[in-house]
Amino acid sequence: MCPVNTSAASRPRISARIGAIAPSATLAVDAKAKALKAAGRPVIGFGAGEPDFPTPEAIVEAAVRAAYVPANHRYTPAGGLPALKEAVAAKTLRDSGYEVSPANVLITNGGKHAVYAAFATIIDPGDEVLLPTPYWTTYPECIGLAGGVTVEVLAGPETGYTVSVEQLEAARTPKTKALLFNSPSNPTGGVYTPEQTAAIGEWALEHGIWIITDEIYEHLVYDDAVFTPVVKAVPEMADTTIVVNGVAKTYAMTGWRVGWMIGPTDVIKAATNYQSHLTSNVANVSQHAAIAALNGDLSAVHAMREAFDRRRHTMVSMLSAIDGVETPTPLGAFYAYPCVDGVLGKQIRGTTPTTSVELAALILDEVEVAAVPGEAFGPSGYLRMSYALGDDDLVEGVSRIQALLAEAQ
């Protein structure tokens with residue numbers, strides 16, 4: 001009889017590094033809403049961070065043409081198709097106002113992959129990353145996978161969900177390696193002014209701190225808000241800034257999975273080496289679709305932005321009419337981030353929710369509306385509600401929430 005290796009049997013089956021990862025709360029809420037819909041329930045989902053519009057026809061047609069080209073059935077350079085890297089460089093000059101070389105571009109499997117690759121490339125175990133909070137749910141997981149330590153810096157509604165240089169300086173330590181900067185912001189819709197962006201860039205430059213700037217919502221700004229690229233505001237930061245971006249939000253291409261990193265030569269070279277072992281190249285047909293998107297005009301983008309703007313006003317107006325709910329007007333992206341502290345602790349249909357997790361669960365169970373609780377992005381007491389859905393569904397969904405929370409006592 002063979003001896004049993006008891007030491008091996010007692011070891012954890014899942015590595016501590018992977019076992020510590022929390023599932024994406026936004027994707028989990030969206031998946032639950034879709035499952036209920038598939039079961040015939042009239043669920044309305046405010047959880048997904050994706051446009052409800054189809055990808056523009058010209059982009060789809062470019063992909064169809066590319067699918068018939070045998071070269072696109074094979075491997076291509078791990079760093080991305082040269083034509084797409086050139087298109088990213090040209091788009092950066094057009095939209096951000098500064099020049100980059102195609103050699104300083106890495107094409108990634110979506111913007112999320114670019115975020116992870118950025119942290120993996122510059123962060124060592126124990127390095128601290130300043131993270132304005134509320135944050136996109138994936139950021140701290142990427143930081144942790146890279147061995148870094150997340151240091152949260154609270155950005156409250158009273159400041160438009162933006163942090164100040166004074167707050168960042170108070171959080172800085174000798175271990176601070178990088179700052180994650182996201183404007184326009186997911187989940188809050190907050191947008192930093194040009195002056196704020198420049199001040200933060202100059203502070204980072206002074207202290208030798210890297211900035212990883214997520215610019216995925218650059219085209220979705222409203223009212224008098226403007227998108228301000230860090231490198232445009234402080235050109236000297238080019239050597240210690242990594243830009244992450246992609247086609248997903250701008251062109252309604254979330255499923256195509258094309259993103260990119262822009263950064264210093266050594267960073268892009270290292271990240272490309274990493275990607276060559278991790279995923280090889282991004283799907284070639286998707287890359288050709290992205291080339292068509294970036295080289296085309298922005299008319300479809302502007303039409304989507306107008307629709308989001310209209311829905312933004314509708315959602316904020318309807319949420320603001322609910323007693324106990326405070327909803328700052330978002331200046332960017334396509335999310336409202338209402339504070340629901342005034343509702344927590346009150347009885348609603350026999351239940352007394354004390355956290356936004358409990359409130360979101362109650363809303364889904366009672367009126368079949370899915371929203372993401374604030375705990376997914378940092379502190380409790382908030383809901384993230386995407387207005388990237390049809391106008392009729394938006395009104396119906398918020399109306400259901402209004403009716404439910406009117407019963408709070």
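Now for a description of the structure that goes with this document. Only a predicted model underlies this, so the values are computations on that prediction, with no experimental measurement involved. (Residues numbered from 1 in each chain as written. Predicted model: local features only at pLDDT ≥ 70, side-chain atom pairs only at ≥ 80, totals over all residues. Heavy atoms only, no water.)

## Re the layout of surface pockets
Considered as a void within the structure, the largest pocket measures approximately 500 Å³ in volume. Lining of the largest pocket is provided by 26 residues; of these, G49, K112, W136, K249 and R257 occupy positions nearest its centre. Put simply, the parts of the chain that give the lining of the largest pocket at least two residues each are α3 (25-38) and α6 (111-122). The element best represented in the lining of the largest pocket is α3, accounting for four residues. (1 Å grid on protein atoms, 1.4 Å probe; cavity = no way out; pocket = protein on both sides within 12 Å on 5 of 7 lines; lining within 4 Å. Points joined across faces, edges and corners; volume = space filled by probe spheres on them. Helix = DSSP H or I, 4+ residues; strand = E, 2+ residues; numbered from the N terminus.)

## Re the pattern of salt bridges
Applying the stated criterion to the full structure yields 14 salt bridges. As a salt-bridge pair, K177 and D127 come within 3.8 Å of each other at their nearest N and O atoms. In this pair, K177 sits in strand β5 (residues 176-182) while D127 sits in the loop between α6 and β3 (128-133), placing the two residues 50 residues apart along the sequence. Relative accessible area serves as the criterion here: at 23%, K177 is assigned to the partly exposed category. Salt-bridge contacts for D391 lead to R311; the nearest nitrogen and oxygen are separated by 3.3 Å. With D391 in helix α15 (residues 391-405) and R311 in helix α13 (residues 299-320), the pair connects residues that are 80 residues apart, well separated along the chain. When its relative accessible area of 3% is taken as the criterion, R311 is described as buried. Through salt bridges with shared partners, one network takes in D52, R310, R311 and D391. (Salt bridge = Lys/Arg side-chain N within 4 Å of Asp/Glu carboxyl O. Buried < 20%, exposed > 50% of the residue type's maximum accessible area, 1.4 Å probe, protein only.)

## A closer look at the side chain of Q275
For Q275, the position within the fold is in helix α11 (residues 265-278). A distance of 2.7 Å separates the side chain of Q275 from the backbone oxygen of I107, its partner in a polar contact. (Polar contact = N/O pair within 3.5 Å; in protein donor to acceptor, adjacent residues only side chain to side chain.)

## As for the packing of helix α14 (residues 356-367) against α15
Axis separation between α14 and α15 bottoms out at 10 Å; the angle between their running directions is 105°. Looking at the two axes, α14 sits roughly perpendicular to α15. Judged by residue contacts, L359, L362, I363, E366 and V367 of α14 engage R400, I401, L404 and L405 from α15. Class assignment of the residues belonging to the contact of α14 with α15 gives a composition of seven nonpolar, no polar and two charged. (Axes fitted to C-alpha atoms, helices over the stretch in contact; angles between N-to-C directions. Parallel < 35°, antiparallel > 145°, perpendicular 65-115°, else oblique. Contact = heavy atoms within 4.5 Å. Nonpolar A, V, L, I, M, F, W, Y, C, P; charged D, E, K, R; others polar.)

## Things to note about the side chain of D214
The topology assignment puts D214 in strand β6 (residues 210-214). Buried and unpaired, D214 has no salt bridge, with K249 as the nearest side chain of opposite charge at 8.7 Å. Setting aside residues no more than four positions away along its own chain, D214 makes contact with V115, W136, Y139, F181, N182, S183 and V244. (Lys, Arg positive; Asp, Glu negative; His and termini not counted.)

## Section: the sheet that holds strand β9 (residues 335-336)
Here we have three strands laid out as an open sheet, ordered β9-β12-β11, and antiparallel in their pairing. The open sheet has two edge strands with one neighbour each: β9 and β11 (372-373). Pairing between β11 and strand β12 (residues 383-386): two bridges, direction antiparallel. Counterpart to V372 in the pairing with β12 is R384. (Pairing = 2+ DSSP bridges.)

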